[in-house]
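Topology and contacts: notes
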Amino acid sequence: MRKLSLWVNQRLPISAFYKQHFKRFYVHTSLNFWYATGAIAFLVFAIQIFTGIFLMMYYIPTEDQAFSSVEMIMRDVNYGWLIRYMHVVGASSFFIIIYLHVWKALMYGSYKEPRELLWFSGVLVLILLMAVAFTGYVLPWGQMSYWASKVIISFVTVIPYVGESLAIWLQGDFTFSGVVIPRFYAYHVVALPLIIIFLIGIHIIALHVVGSNNPEGILINPHQQPKKHERSAIRPFSPYYIVKDYFAATVFLLIYFLIIFYFPTLNGFFLEHINQEPANMFVTPAQIHPVWYLAPYSSILRAVPSKGLGVFVMFAAILIFFFLPWLDRSPVRSIRYKGILSKLFLSLFLISVIGLGVLGLLKVTDDGLILTRIFTCGYFSYFLFMPFYTKLEKCTSPPCL
Amino acid sequence: MLLASATGADKAPVELPHVEIRETDTARIMSGAQFFAQHCQSCHSMVYLRYDALSNEAGVKYGVTPQWPVDSWNGRPPPDLSLVGVTHRPEWLYGYLKGYYVVEDGYDNIVMPNTSMPNPYPGLQGNQILNMPMSEILKDQPRLYQALRLESSGSVPPHVFNEKVADVVTYLVYAADPSVIPRHQIGPYVLIFLLILSLAAFFLYQSYKTD
């Protein structure tokens, strides 16, 4: 056995890899359960790939058969309902987990130097995740697949000069029609997942160079064996944090399968009732709205009176995340040691995102629109005032190792 | 909740009656499917249930229903009902199926006025008439049983008829997602397994944490 292990390791450095990235990859012991979100996100991604492969075997990407082939999967394919519900609930879970993951990064300052590129790759994954969710949402070709996507694809037309041609290129037709199904299918199952896998790779490589951040915001060298007095504060990832992530993953799976078996559509929240009607381009639904995970952004779009400017502000709301490492001028990373202003603005951001999300799913009313505008200001003030409040406030100093 | 009423198709001039749907009650689903086979199938298809064993056993079969041309029934041919149980609330379906009343030239429906579906079971239910003028109904939105009253009784008493309609609504809800039966059968085993696994994982985590 030892001989075999030696033979393999001389040719493929499995042991060295395990040592470098697990056994002797050191993290701070203050890591809490927010830090399990990364591992769970990885698990959900694996579930999506796995279930997606089986869905591909039966799904037919044409205008006449997209809807009925999904119904066939739900009814006539053995355990097709399980695979499809796992994929649908998986999509929503992915966003829940990723949003928690981003929230963790905002709380503990994981975007700050030296993790700027780690943060960049993460924001890129988030954007691509939205794209992959959007293209996937079109595939069942239900009423909201058609109408919501028609709205979303029209966003590119506001780009000056090339917008119109770009929209025609994307949808493969002069109007939004069933021609998009095979196109979006190709993006959804090949192009976007490939890029996401690549970016997740980059994300993990960057993480393993700079090491995990922690709730204390203390910078440690992930590859340096801790000295004797540091042993209580620094531990290797394996086995200590593998068992923790494993425990968190089992809890996640428990909730995930509870939803799948007993509330698979979560009362129209994860799988909307109206999308169970086949797409009909002659009947406009009473209200067109995106799925819950894109609702905050559609709210921001609504808040701005002009469409062109609205689309710009909506994209700015996502792209502004890229500037976060330079907007934050605080000397400390973690919210635990930042001052009261940072805490207030971070809470304002959270309230604004939730408010925008809820309003994005409701019918537009005058009062709602005023609230939407207030929340949009709340959302942006977290970013735009950050250079000032992080500089002004008094921070406490984090403990040393 | 937020999205349940977003379909917009569930509006009605009357307050809809409550109906209790036990979605895994196979006896009721079966009875509803038999009712569907007798009273609905001659016009409405159940395309996506063509291989559903329960439906086939009850007599709901593929190919029994005529294939309506698009321009038949003044351009509104009877729709396929495979998914009506999810695109409409059970209360709406229940109210609609109970909401026929007599007008001069036949029947109209209180839940969906000017519906193109003729009363499917006048002999069974008996004839209902408006209990108050239509203008008052539109103004006050009364409950369904306040708006309509039974003028002549049908072949079954009202409580039996109500049960039958509740059965067929249960069947329609089942038809929209037949996976409800296997889900509730397998679910407990999967969840108990995961519960034990997560407990084991918890103790493993605890033992390492205090290490």
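Look a little higher up for the structure.
As a starting point, this report considers the structure included with it.

**Some remarks on the packing of helix H4 (residues 90-98) of chain B against helix H8 (residues 158-176) of chain B**
Residue and element names in this part refer to chain B.
- Taken N-terminus to C-terminus, the directions of H4 and H8 make an angle of 135 degrees; their axes are 10 Å apart at the nearest point. On the basis of their axis angle, the class for H4 and H8 is oblique. Seen along the crossing, H4 lies across H8 with a hand that is right-handed. Between H4 and H8, the contacting residues are Pro90, Leu93, Tyr94, Leu97 and Lys98 on the first element and Phe161, Asn162, Val165, Ala166, Val168, Val169, Leu172 and Val173 on the second.
- Looking at the contact of H4 with H8 residue by residue, the classes come out as 11 nonpolar, one polar and one charged.

**Here's the deal with the layout of surface pockets**
Residue and element names in this part refer to chain A.
- Considered as a void within the structure, the second largest pocket measures approximately 1300 Å³ in volume.
- Residue lining of the second largest pocket: 47 residues in total, with Gly38, Ala39, His101, Ile204 and Leu207 positioned closest to the centre.
- Contributions of two or more residues to the lining of the second largest pocket are made by helix H2 (14-23), helix H3 (37-56), helix H5 (80-108), helix H6 (116-138), helix H9 (180-210) and helix H10 (240-262).
- Broken down by class, the residue content of the lining of the second largest pocket amounts to 33 nonpolar, 10 polar and four charged.

**Remarks on the interface of chain A and chain B**
- The interface of chain A with chain B comprises 40 residues on the first partner and 39 residues on the second.
- Among the residues chain A hides against chain B, the three largest losses belong to Arg75, Phe261 and Tyr262 of chain A. Together they make up 19% of the total.
- For the pair chain A and chain B, the interface holds zero salt bridges.
- Elements that contribute at least two residues to the side of chain A that touches chain B include exactly helix H4 (66-75), H5 and H10 of chain A.
- Sort the elements by how many residues they give to the side of chain A that touches chain B and H10 of chain A lands first, with 14 residues.
- Within the side of chain A that touches chain B, the residues separate by chemical class into 25 nonpolar, eight polar and seven charged.

The rules behind the values
Residues numbered from 1 in each chain as written. Chains lettered and ligands numbered in written order. Predicted model: local features only at pLDDT ≥ 70, side-chain atom pairs only at ≥ 80, totals over all residues. Heavy atoms only, no water. Axes fitted to C-alpha atoms, helices over the stretch in contact; angles between N-to-C directions. Helix = DSSP H or I, 4+ residues; strand = E, 2+ residues; numbered from the N terminus. Parallel < 35°, antiparallel > 145°, perpendicular 65-115°, else oblique. Left-handed = near helix turned anticlockwise from the far one by under 90°. Contact = heavy atoms within 4.5 Å. Nonpolar A, V, L, I, M, F, W, Y, C, P; charged D, E, K, R; others polar. 1 Å grid on protein atoms, 1.4 Å probe; cavity = no way out; pocket = protein on both sides within 12 Å on 5 of 7 lines; lining within 4 Å. Points joined across faces, edges and corners; volume = space filled by probe spheres on them. Buried area = accessible area lost by both parts, 1.4 Å probe. Salt bridge = Lys/Arg side-chain N within 4 Å of Asp/Glu carboxyl O.

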